[in-house]
Amino acid sequence: LDLKKEDLNKLADLGQGNGGSVEKVEHTPTGTIMAKKIVLIDAKSSVRKQILRELQIMHECQSEYIISCYGSFLAEPNICICMEYMNKGSFDSICRKIGAIDIQVACLVAHAVLEGLCYLYDAHRIIHRDIKPSNILLNSDGQIKLCDFGVSGELINSIANTFVGTSIYMSPERIQGAEYSVKSDIWSLGITLIEIATGRFPFCDDLSDDEDNLSDLDEEYAQALAEANKTPTHRDSFALSAKKKKDKRQSRRKSKGGLEQYMQKTTQQGMSGADQLNSMSIIELMHQIVREPAPRLEGDKYDEEAQEFVDACLAKNPDERHGPKTLLEYRWMDDARDSTFDLQAWTQTF
Ligand code: ADP
Ligand code: MG
């Protein structure tokens, strides 16, 4: 498909994220409905061409668990990526609409994500790098698919946003500067599953009110996080906010939405002084992920198989955490394969 900017007619906004925005569009020559992702990049033209070459891999991805891609093109200063439109949206928006989702649905989500991760890695040696509810999409055929995986290293480097690569779903080892591995995606899956099954992000409520808790928050730590993301502006902002820890009361009790919104804001405007103060909460959250025991899927309504699976995803030590292949052998994933849950019918309920 030869995609041209002028052939795409915008129908609606689908949302904004950490690296750009997404629109529902119609490709008028063919009548195809697509999701067009617009990413503002900061790169030379040679790099832009390299990014487009790297995005080619997306066309070669053929799996029922991966969003298909129609094509990508440059629309200076943006790169546009046109992908399959998923008419039931992402799991974060579904949760916003209906609250906690049925554990049987969460089970199918876990299974689809693992299959998707296995496909990306086995067929293309790609690590996803950004597993979270908003990158897991649903359509009214009851299909669950992954989007926004890290196909292009150059694209990741060029996105004009200091917080790219920083996510509240990030694993403890990533926060501490380790290279990305498929195990980090598994951690993010564990957090995602707790969030969608309970309807709330597992860390926020207890973002501590305890003054002493921050006493060990130091610049060294901020540096480690920045190193992990290899962006100087990022490091500066963290170091700066670390210095301002005395003013931290102002950034207390950030909701998960608040944190994500904050990260998006930095995309669009760069950082103001107030924003730098707010980034305290992010550091505090990162600290908690590293320091505290992993969250669990607690409560009688979750069966043992589900809890066992989530515990395995959230092993804090990546050496003790299984990869997607092994996790597919867990009992809970047998439940997914044997499931008689009618996902297609479920999509009609909201
Ligand atoms: P994020 O994933 O951080 O929310 P994005 O810019 O990747 O930010 O996406 C913004 C929103 O657009 C997502 O939350 C999702 O709800 C929606 N979206 C993204 N891709 C698609 C798609 N292919 N089909 C339908 N909705 C989509
Ligand atoms: Mg996304």
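Nothing here was measured: the structure is a model prediction, and the numbers come from that model.

Another aspect to go through is the sheet that holds strand E2 (residues 20-27). Strand pairing in a sheet relies on backbone hydrogen bonds, with the paired strands running either antiparallel or parallel. Within the open sheet, the five strands sit side by side as E1-E2-E3-E5-E4. Their pairing is antiparallel. The strands lining the two open edges of the sheet, one partner per strand, are strand E1 (8-16) and strand E4 (69-75). Between one strand and the next, the sheet's axes are offset by a mean angle of 25 degrees, whatever the strand orientation. Bridging between E4 and strand E5 (residues 78-84) involves six bridges; their strand directions are antiparallel. Within E5, the position partnered with Ser 72 by the bridge is Ile 81. In this fold helix H1 (residues 45-60) packs onto E4 and E5, with an angle of close to 170 degrees to the strand it touches most, E4.

Attention shifts here to the nonpolar core. Grouped together as the largest cluster of nonpolar side chains are 75 residues, with contacts concentrated most on Ala 106, Val 109, Ala 110 and Val 113. In terms of residue count, helix H3 (residues 103-124) provides more of this core than any other element does, twelve residues in total.

Once that is clear, we can look at the confidence of the model for the chain. Across the chain, the average pLDDT comes to 83, with 76% of residues at or above 70. A low-confidence stretch, residues 206-218 (pLDDT under 50), is modelled with 15 contacts involving residues beyond four sequence positions or located in other chains. Segment residues 267-274 is flagged for pLDDT under 50; beyond a separation of four residues in sequence, or across chains, it makes six contacts in the model. Scoring the predicted complex yields pTM 0.84 and, for the interface, ipTM 0.99.

With respect to the helices, strands and loops of the structure, Leu 285 is situated in helix H10 (residues 273-291). Exposure remark for Leu 285: the 20 C-beta atoms within 10 Å place this residue in the buried category. Sequence spacing of Leu 285 and Leu 327 is 42 residues, and the spatial spacing of their C-alpha atoms is 27 Å.

Bringing the UniProt feature "binding site: ATP" (unreviewed entry) in the chain into the picture now. Using the residue numbers shown here, the UniProt feature "binding site: ATP" (unreviewed entry) corresponds to Lys 37. Relative to the helices and strands, Lys 37 is located in strand E3 (residues 32-40). What makes Lys 37 buried here is the crowd of 23 C-beta atoms within 10 Å. Among residues more than four places away in sequence, those in contact with Lys 37 are Gly 20, Val 22, Cys 80, Ile 81 and Met 83.

Another point: the packing of H3 against helix H6 (residues 182-198). In the contact formed by H3 and H6, the axes pass within 10 Å of each other and the chain directions differ by 165 degrees. Accordingly, the angle class assigned to the pair H3 and H6 is roughly antiparallel. The interaxial crossing formed by H3 with H6 has right-handed handedness. Where H3 abuts H6, its residues Ile 103, Ala 106, Val 109, Ala 110, Val 113, Leu 117 and Tyr 121 lie against Val 182, Asp 185, Leu 189, Leu 193, Ile 196 and Ala 197.

We now examine the environment of Asn 317. Mapping Asn 317 onto the fold places it in the loop between helix H11 (304-313) and helix H12 (324-327). A tally of 9 C-beta atoms within 10 Å means that Asn 317 is categorised as exposed. Distance from Asn 317 to Ser 152, taken between C-alpha atoms, is 27 Å for residues 165 residues apart in sequence.

Looking at where Arg 48 falls in the secondary structure, it is placed in helix H1. Here the alpha-carbon distance between Arg 48 and Ser 158, two residues 110 residues apart in the chain, equals 8.7 Å. In contact with Arg 48, other than residues within four places in its own chain, are Ile 41, Ala 43 and Leu 74.

We now examine the site of ligand 1. Taken together, 23 residues form the shell around ligand 1, and within it Gly 15, Gly 17, Ala 35, Ser 90 and Ser 134 come nearest. Those elements giving two or more residues to the shell around ligand 1 turn out to be E1, E2, E5 and helix H2 (91-98). Residues of the shell around ligand 1, tallied by class, amount to nine nonpolar, eleven polar and three charged.

Conventions we followed
Within every chain, residues take consecutive numbers counted from 1 along the sequence as written. Throughout, the order in which chains and ligands are written sets their labels, letters from A for the former and numbers from 1 for the latter. Reporting of local features is limited, given that this is a predicted model, to residues whose pLDDT is at least 70; pairs of side-chain atoms are given and counted only at 80 or more, and all residues count toward the totals for whole chains, interfaces and linings. Strands are treated as partners if at least two bridges between them are detected by DSSP. Helix and strand definitions here come from DSSP, where helices need a minimum of 4 consecutive H or I residues and strands a minimum of 2 consecutive E residues; each element is numbered from the N-terminal end. Angles here are taken between N-to-C directions and fall from 0 to 180 degrees, while the axes themselves are lines fitted to C-alpha atoms, restricted in helices to the stretch in contact. Each residue is represented by a C-beta atom placed from its backbone, and any two residues with such atoms within 7 Å are regarded as in contact. We define the nonpolar core as any set of buried residues of the types Ala, Val, Leu, Ile, Met, Phe, Trp, Tyr and Cys, connected via C-beta atoms lying within 7 Å of each other. To sort residues by exposure, count the other C-beta atoms lying within 10 Å of each residue's C-beta; 20 or more gives buried, 12 or fewer gives exposed, and values between give partly exposed, all with C-beta atoms placed from the backbone. pLDDT runs from 0 to 100 and stands for how confident the predictor is about each residue. UniProt positions are given in the numbering used here, feature names are shortened, and annotations may be inferred rather than shown by experiment. Roughly parallel refers to an angle under 35 degrees, roughly antiparallel to one over 145, roughly perpendicular to one between 65 and 115, and oblique to any angle outside these ranges. In this scheme the handedness of a crossing depends on how the near helix is turned from the far one: anticlockwise by less than a right angle means left-handed, clockwise means right-handed. In this analysis, residues qualify as near a molecule or strand once their C-beta atom, positioned from backbone atoms, comes within 6 Å of it. Asp, Glu, Lys and Arg are counted as charged, while Ala, Val, Leu, Ile, Met, Phe, Trp, Tyr, Cys and Pro are counted as nonpolar; the rest, among them Gly, fall into the polar class.

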